[in-house]
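Architecture at a glance
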Amino acid sequence: EQNQPGSVRTARSIAEAGGFDEQAWGWALYEPIFEKAAYYSLPVFPLNLSRDDARLIANSVADEWRLALTDEQLAVIDHYAPDLRLPEQQQADLQSVLSQAHCGDISSERAAQVARAQIARDLLMAKAIIDAIKQHPRHQIVTIMGNQHALKTRGVPYWLLQMTDDIEMNVVGMLPVNTAGGDSVEGSTPPQFDLRYFAEPVDRPDYCAEDSS
């Protein structure tokens with residue numbers, strides 16, 4: 001069904017309604033998706049926690065992170081992961097990834113704090129997907145998220161399977177071509193993704209490289 005003539009539902013209005021962070025995610029990359037949603041009048045659901053809420057969860061002492069969440073969000077977390085931790089192996093893997101992302105310059109205690117925000121995001125994104133499926137039971141739900149969130153072993157798909165066994169999903173990981181030889185994400189057992197899509201690597205600065213200037 002195409003958007004009706006004169007409709008005010010534009011790509012940008014959909015993005016703004018969902019709180020899309022253009023500066024953080026790059027409007028040029030996501031604009032075609034919002035344009036398609038506007039043209040075909042597709043429902044769009046925001047999934048992730050805000051950066052401010054995630055930062056508060058990561059930086060809180062003890063249980064202060066609970067102040068960043070609504071009663072409904074806390075009910076989900078209390079049911080599935082009241083301490084915002086994964087099983088031991090998955091937790092160790094997540095903290096290792098987060099430590100590498102911080103150039104190995106954080107303690108295990110700090111990595112566990114940062115991991116709380118990641119786990120909260122994954123849990124609440126899974127719940128949002130479940131809610132979308134309930135609202136649109138006859139439609140396929142497509143979600144777009146970072147590869148770390150999409151990991152079947154500890155990301156959103158993992159929590160989806162904790163919430164329901166009545167779901168079919170196909171997880172596609174978009175990976176840079178220079179990881180095709182055996183990257184820990186795409187070459188692991190059990191597989192982290194059902195399918196892998198290889199794209200040209202994004203040119204990003206190496207923040208962990210020593211400053212030689």
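Structure's up top.
Reference entry: report on the structure contained in this document. (Residues numbered from 1 in each chain as written. Predicted model: local features only at pLDDT ≥ 70, side-chain atom pairs only at ≥ 80, totals over all residues. Heavy atoms only, no water.)

1. Some points on helix H9 (residues 156–163)
- For H9, a buried count of six out of eight residues is recorded, marking the element as mostly surrounded by other parts of the structure.
- Of the surrounding elements, those touching the buried residues of H9 are helix H5 (71–80), helix H6 (88–101), helix H7 (108–135) and helix H8 (147–150). (Buried < 20%, exposed > 50% of the residue type's maximum accessible area, 1.4 Å probe, protein only. Helix = DSSP H or I, 4+ residues; strand = E, 2+ residues; numbered from the N terminus. Contact = heavy atoms within 4.5 Å.)

2. Topic: a nonpolar patch on the surface
- A cluster of nonpolar residues, Val-172, Met-174, Leu-195 and Tyr-197, forms a patch on the protein surface that exposes about 410 Å² of accessible area.
- By the secondary structure assignment, Leu-195 is in strand E2 (residues 195–199).
- Residue Leu-195 is classed as partly exposed on the basis of its relative accessible area of 46%. (Patch = residues over 30% accessible without salt bridge, like charges linked within 9 Å, V, L, I, M, F, W, Y side chains within 5 Å. Areas by Shrake-Rupley, 256 points an atom, 1.4 Å probe, with all protein chains shown as cover. Salt bridge = Lys/Arg side-chain N within 4 Å of Asp/Glu carboxyl O.)

3. Observations concerning unusual backbone geometry
- Positive phi values are uncommon outside glycine, yet Leu-84 reaches one of about 50 degrees.
- With respect to the helices and strands, the residue Leu-84 is situated in the loop between H5 and H6.
- Under the relative-accessibility criterion, Leu-84 is labelled buried at 1%.
- In this structure, Cys-103 is a non-glycine residue whose phi angle is positive, near 60 degrees.
- Along the chain, Cys-103 turns up in the loop between H6 and H7.
- Overall, Cys-103 belongs to the partly exposed group, its relative accessible area being 41%.

4. Brief notes about the packing of aromatic side chains
- This structure, assessed with the given rule, holds six aromatic pairs.
- Where Tyr-158 meets Trp-159, the ring centres are 4.9 Å apart and the plane angle is 80 degrees; that geometry is what we call edge-to-face. Considered together, Tyr-158 and Trp-159 belong to a single accessibility category, that of buried residues.
- Three or more aromatic residues joined by ring pairs make a cluster, and in this case those are Phe-20, Trp-27, Tyr-30 and Phe-34.
- We note Arg-12 situated over the ring of Trp-27; from NZ or CZ to the ring centre the distance is 4.6 Å. (Phe/Tyr/Trp six-rings, centres within 6.5 Å; stacked < 30°, edge-to-face > 60°. Lys NZ or Arg CZ within 6 Å of the ring centre and 35° of its normal.)

5. As for the pattern of salt bridges
- According to the stated counting rule, one finds six salt bridges in the structure shown.
- Put simply, Asp-93 and Arg-154 hold a salt bridge, and the shortest N to O gap is 2.7 Å. Of this pair, Asp-93 sits in helix H6 while Arg-154 sits in the loop between H8 and H9, and the two are 61 residues apart along the sequence.

6. A look at the side chain of Arg-121
- Tracing the backbone through its elements, the reader meets Arg-121 in helix H7.
- It is Asp-122 that comes nearest to the buried, bridge-free Arg-121 among opposite-charge side chains, at 7.7 Å.
- Those residues in contact with Arg-121 that lie beyond four places of it in its chain are Asn-48, Leu-49, Ser-50, Arg-51, Ala-54 and His-149. (Lys, Arg positive; Asp, Glu negative; His and termini not counted.)

7. Details of the pairing of strand E1 (residues 172–176)
- Residues Gly-173 and Leu-175 line the buried face of E1, whereas the alternating positions Val-172, Met-174 and Pro-176 sit on a face that is not buried.
- With five bridges connecting them, E1 and E2 associate as parallel partners. What sits directly across from Pro-176, in E2, is Ala-199. (Pairing = 2+ DSSP bridges.)

8. Some remarks on the nonpolar core
- Counting 31 residues, the largest nonpolar core has Ile-57, Leu-69, Leu-84, Leu-123 and Trp-159 as its most contacted members.
- When residues of this core are traced back to their parent elements, those giving at least two are helix H4 (51–59), H5, H6, H7 and H9.
- Membership of the second largest hydrophobic core comes to seven residues, among which are Ile-14, Trp-27, Ala-37 and Ala-38. (Core = buried A, V, L, I, M, F, W, Y, C linked by side-chain atoms within 4.5 Å.)

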